[in-house]
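Close look at the chain arrangement
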Amino acid sequence: MANDAAAKTQKVIDQVADTVQQGNYQQAWDNFWATYSDSILHFGRILVLTLLIILIALFVGRLVRKIIQSAVAKVPSLDPSVGKIFYSIARTFIWLFAVLIILDLFGFNTASLLTVLGAAGLAVGLAMKDSLSNIAAGIMLLLLRPYKVGDYVDCGSVSGIIKEMGLFTTTLSTPDGIFIAAPNSVIFGTPVKNYSRNETRRVDITVGISYGDSLPQGIKILQSLLEKNQIILKDPAPQVLVADLADSSVNLTLRFWVPTAKYWDAYWEIKGQLKETIESAGLNIPFPQRVITFANAIPEDKKNA
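Okay, so let's go over this structure. (Residues numbered from 1 in each chain as written. Predicted model: local features only at pLDDT ≥ 70, side-chain atom pairs only at ≥ 80, totals over all residues. Heavy atoms only, no water.)

A few words on the overall build of the protein. Tallying secondary structure elements over the protein gives nine helices and eight strands in all. By sequence separation, contacts in the protein at least 24 residues apart represent 60% of the contacts at least 6 residues apart. With an accessible surface of roughly 20600 Å², the protein has 61% of that area assigned to carbon and sulfur atoms. (Helix = DSSP H or I, 4+ residues; strand = E, 2+ residues; numbered from the N terminus. Contact = heavy atoms within 4.5 Å. Areas by Shrake-Rupley, 256 points an atom, 1.4 Å probe, with all protein chains shown as cover.)

Here's what the structure looks like:
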């Protein structure tokens, strides 16, 4: 059958060539069109349908994106990254479906192609099980929302400010500007400590005063320091507690609550005022020292040696 078609095509080509050599171009075109008009029109229809399918895929993709964005916006508990990921998945399926339709228009056996793709997908899935676990973990993180973009978190071996949440990885930035890309499965399997989740945080600062100083006076001046600060919250009330009777000092802990966004402002401000506050009250911040007592008295002639 293929030989007959080739012979027919060669016959038409020979006829067109003879007609062209005789200078009858109109007849050559008529012969060509009479033979291939059906094929040309069929191919033209396929091209038009292909363009139409691409336009429909673009339209459906934009419509799905608007629907997903609208749905996510109506649920305040969902992170905006959820919408991006679901749209990415939906867009992939839309274009995969469009490509299969176009291939079918051009005469490809899409059933066999789907079988091959299914077998290849299974093999790839088994080979990339760790990557698939990252996808599953990423979806769970987006739904459970232990953190959001902008939060400072500590996830075992990694810590930093969340910059982006993706299907495979979560990207972070450390306070000193280091970029970190952590697999979602690692974060999902580790306890997450979120420093930005709550509206307020407690600050603990420890400072020592001398054993020879008045303890009530030390507590009073430090309490006054905390009460005068505008960042520190009044409820819960700030406290000054005796934390430890150390070797060289009585350690007092200043414990107070601040808005989470002002944590480091309050921390550095109080820390910088401690030395001046203590010394202005006549108290001392002792340095480590050790008193040595000899079991036997030192002879007078050796004390000045």
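The discussion continues.
On to the sheet that holds strand β3 (residues 169–173), then. On the basis of which strands lie adjacent, the open sheet formed by five strands has the order β4-β3-β2-β1-β5 and antiparallel pairing. Each end of this open sheet is capped by a strand with a single partner; those strands are β4 (179–183) and β5 (193–194). Looking at chain direction, β3 and β4 are connected through five bridges and run antiparallel. Bridging across to β4, T170 finds its partner in A182. (Pairing = 2+ DSSP bridges.)

With four of five residues buried, β3 lies mostly within the body of the structure. As judged from the four bridges shared by strand β2 (residues 158–165) and β3, these two strands associate in the antiparallel manner. The partner of I161 across the bridge, within β3, is S173. In this antiparallel pair of consecutive strands, β2 and β3, the connection spans three residues. Counted along the chain from β3 to the antiparallel partner β4, the turn is five residues long, and its residue G177 has a positive phi close to 85°. (Buried < 20%, exposed > 50% of the residue type's maximum accessible area, 1.4 Å probe, protein only.)

This part covers a positive patch on the surface. A cluster of basic side chains, namely R62, R65, K66 and R91, defines a positive patch on the protein surface. Here the element with the most residues in the positive patch is helix α2 (residues 25–73); it accounts for three residues. Mapped onto the elements of the fold, R62 is located in helix α2. (Patch = residues over 30% accessible without salt bridge, like charges linked within 9 Å, V, L, I, M, F, W, Y side chains within 5 Å. Salt bridge = Lys/Arg side-chain N within 4 Å of Asp/Glu carboxyl O. Lys, Arg positive; Asp, Glu negative; His and termini not counted. Charge placed at Lys NZ, Arg CZ, Asp CG, Glu CD.)

Looking now at the packing of helix α7 (residues 215–228) against helix α8 (residues 263–280). It is at 11 Å that the axes of α7 and α8 come closest, and there the two elements cross at 140°. The angle between α7 and α8 falls in the class oblique. In the crossing of α7 with α8, the sense of the turn from one axis to the other is right-handed. The segment α7 lies against α8, with I221, L222, L225 and L226 engaging I270, Q273, L274, T277 and I278. Residue composition of the contact of α7 with α8, by class: seven nonpolar, two polar and no charged. (Axes fitted to C-alpha atoms, helices over the stretch in contact; angles between N-to-C directions. Parallel < 35°, antiparallel > 145°, perpendicular 65-115°, else oblique. Left-handed = near helix turned anticlockwise from the far one by under 90°. Nonpolar A, V, L, I, M, F, W, Y, C, P; charged D, E, K, R; others polar.)

Here three strands make up an open sheet; going across it, the order is β6-β8-β7 and the pairing antiparallel. Of all the strands in the sheet, the pair left with one neighbour each is β6 (200–209) and β7 (239–245). Strand-to-strand twist of the sheet, defined as the mean angle between neighbouring strand axes without regard to direction, takes the value 30°. Across the sheet, α8 is in contact with β6 and β8 (250–259); its angle to β6 comes to roughly 20°.

Right, let's talk about the side chain of T253 for a bit. Locating T253 in the fold gives a position in strand β8. A distance of 3.2 Å separates a polar atom in the side chain of T253 from a polar atom in the side chain of T206. Excluding residues within four positions of it along the chain, T253 makes contact with D204, I205, T206, Q239, V240, L241 and A243. (Polar contact = N/O pair within 3.5 Å; in protein donor to acceptor, adjacent residues only side chain to side chain.)

Membership of the largest hydrophobic core comes to 22 residues, with the highest contact counts inside it found for L222, L254, F256 and I270. Taken together, the elements giving at least two residues each to this core come down to β6, α7, β8 and α8. Of the residues forming this core, the biggest block, six residues, is contributed by α8. Once residues within four sequence positions are removed from consideration, I270 is found in contact with I205, L225, L226, N229, I232, L254 and F256. (Core = buried A, V, L, I, M, F, W, Y, C linked by side-chain atoms within 4.5 Å.)

Glancing now at α7. Spanning 14 residues, α7 covers 20 Å between terminal C-alpha atoms, matching the ideal 20 Å at 1.5 Å per step. Listing the buried residues of α7 in full gives G218, I221, L222, Q223, L225 and L226. Packing partners of the buried residues in α7 comprise β6, β7, β8 and α8. (Expected span 1.5 Å × (residues − 1).)

Time to look at the packing of aromatic side chains. Under the defined criterion, the tally for this structure stands at six aromatic pairs. Aromatic pair Y263 and W264: ring centres 5.0 Å apart, planes at 85°, arrangement edge-to-face. You can call Y263 buried: its relative accessible area is 10%. Arranged with centres 4.9 Å apart and planes meeting at 85°, the rings of Y267 and W268 form a pair that is edge-to-face. Members of the aromatic cluster, connected to one another through ring pairs, are Y263, W264, Y267 and W268. Taking the ring centre of Y263 as reference, the NZ or CZ of R201 above it sits at 3.9 Å. (Phe/Tyr/Trp six-rings, centres within 6.5 Å; stacked < 30°, edge-to-face > 60°. Lys NZ or Arg CZ within 6 Å of the ring centre and 35° of its normal.)

These figures capture arrangement, not role.
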